[in-house]
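Coordinate analysis (summary)
The lines below spell out each chain.
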Amino acid sequence: GESVGLHLPTLSVQEGDNSIINCAYSNSASDYFIWYKQESGKGPQFIIDIRSNMDKRQGQRVTVLLNKTVKHLSLQIAATQPGDSAVYFCAENIVPPGNQGGKLIFGQGTELSVKP
Amino acid sequence: EAGVTQFPSHSVIEKGQTVTLRCDPISGHDNLYWYRRVMGKEIKFLLHFVKESKQDESGMPNNRFLAERTGGTYSTLKVQPAELEDSGVYFCASSPYRKLAGGTDTQYFGPGTRLTVL
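Residues numbered from 1 in each chain as written. Chains lettered and ligands numbered in written order. Predicted model: local features only at pLDDT ≥ 70, side-chain atom pairs only at ≥ 80, totals over all residues. Heavy atoms only, no water.

Counted according to the given criterion, the structure contains seven salt bridges over all chains. Across the pair Arg57 of chain A and Asp49 of chain A runs a salt bridge, and its minimum N-O distance is 2.2 Å. In this structure, Asp86 of chain B engages Arg64 of chain B in a salt bridge whose closest nitrogen and oxygen atoms are separated by 2.6 Å. With a gap of 22 residues between them, Asp86 of chain B in the loop between strand S8 (75-79) and strand S9 (88-95) and Arg64 of chain B in the loop between strand S6 (53-56) and strand S7 (65-68) connect regions that are remote in the sequence. The buried category is assigned to Arg64 of chain B, whose relative accessible area is 13%. (Salt bridge = Lys/Arg side-chain N within 4 Å of Asp/Glu carboxyl O. Helix = DSSP H or I, 4+ residues; strand = E, 2+ residues; numbered from the N terminus. Buried < 20%, exposed > 50% of the residue type's maximum accessible area, 1.4 Å probe, protein only.)

Written as structure tokens, this is what we have:
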């Protein structure tokens, strides 16, 4: 069925350390994945995305890895800062054939806490 | 450029009452989406507009929910009558039109409307 889930609900790291947030998905036909960050009182904010024809994509301090064999997605944050504290969601973009855009299927979210 | 805006930011109503949420997408974005997050659960898709047309409303919970996007600009989501289980945060997102069917674009989210039904 359609589901995207996260392994851990909370993650606590020391400032300056690297963070890794994991996600498992079940729809093997999915070809587009996104990581969002949600701070308290705000809506989800786009961080980085990756298509299924890639296995790694890097942004500024963030890297997304995609393992299609085991249907696993991860977000790596380098040198984690207090401002990175938030809930992180992975999402799968499902686009019906011949359609525009497409709905996002979200995981439950991982709350990242950064200790100074 | 202004982002996606939603109104109100909070709404507290009693069971049986009606509430209307509003979303103003980013100017020029043809795709508009509604999602909601019920306490402790994941964000779930409700429906998708392309301009004024409903492209996908498979996530709408029941016929107490009515979404409109007259004129293809802002959208409203009405809940009538509201039930306790409708409490949650309702998000709106928008993305530009893609010329290639089946393409994708980043969905930009608004801050959400927190709905509490007592």
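Turning to the interface of chain B and chain A, a few remarks are in order. With 27 residues of chain B in contact, the opposing surface of chain A contributes 23 residues. Taken together, chain B and chain A are joined by zero salt bridges. Between the two partners, chain B and chain A, sit four residue pairs in polar contact (both at pLDDT 80 or more). Where the side of chain B that touches chain A is concerned, the elements lending two or more residues are strand S4 (31-37), strand S5 (43-50) and S6 of chain B. Of the residues belonging to the side of chain B that touches chain A, the class tally is 12 nonpolar, 11 polar and four charged. (Contact = heavy atoms within 4.5 Å. Polar contact = N/O pair within 3.5 Å; in protein donor to acceptor, adjacent residues only side chain to side chain. Nonpolar A, V, L, I, M, F, W, Y, C, P; charged D, E, K, R; others polar.)

Moving on to the sheet that holds S7 of chain B. All names here are of chain B. Strand order in the open sheet formed by four strands is S1-S3-S8-S7, and the pairing between neighbours is antiparallel. Edge positions in the open sheet fall to strand S1 (5-7) and S7, since each of these has one partner strand only. Here the strands of the sheet are splayed against their neighbours by 15° on average, with no regard to which way each runs. As paired elements, S1 and strand S3 (residues 19-24) share three bridges and run antiparallel to each other. Each residue of the ladder has a partner; that of Thr5, found in S3, is Asp24. (Pairing = 2+ DSSP bridges. Axes fitted to C-alpha atoms, helices over the stretch in contact; angles between N-to-C directions.)

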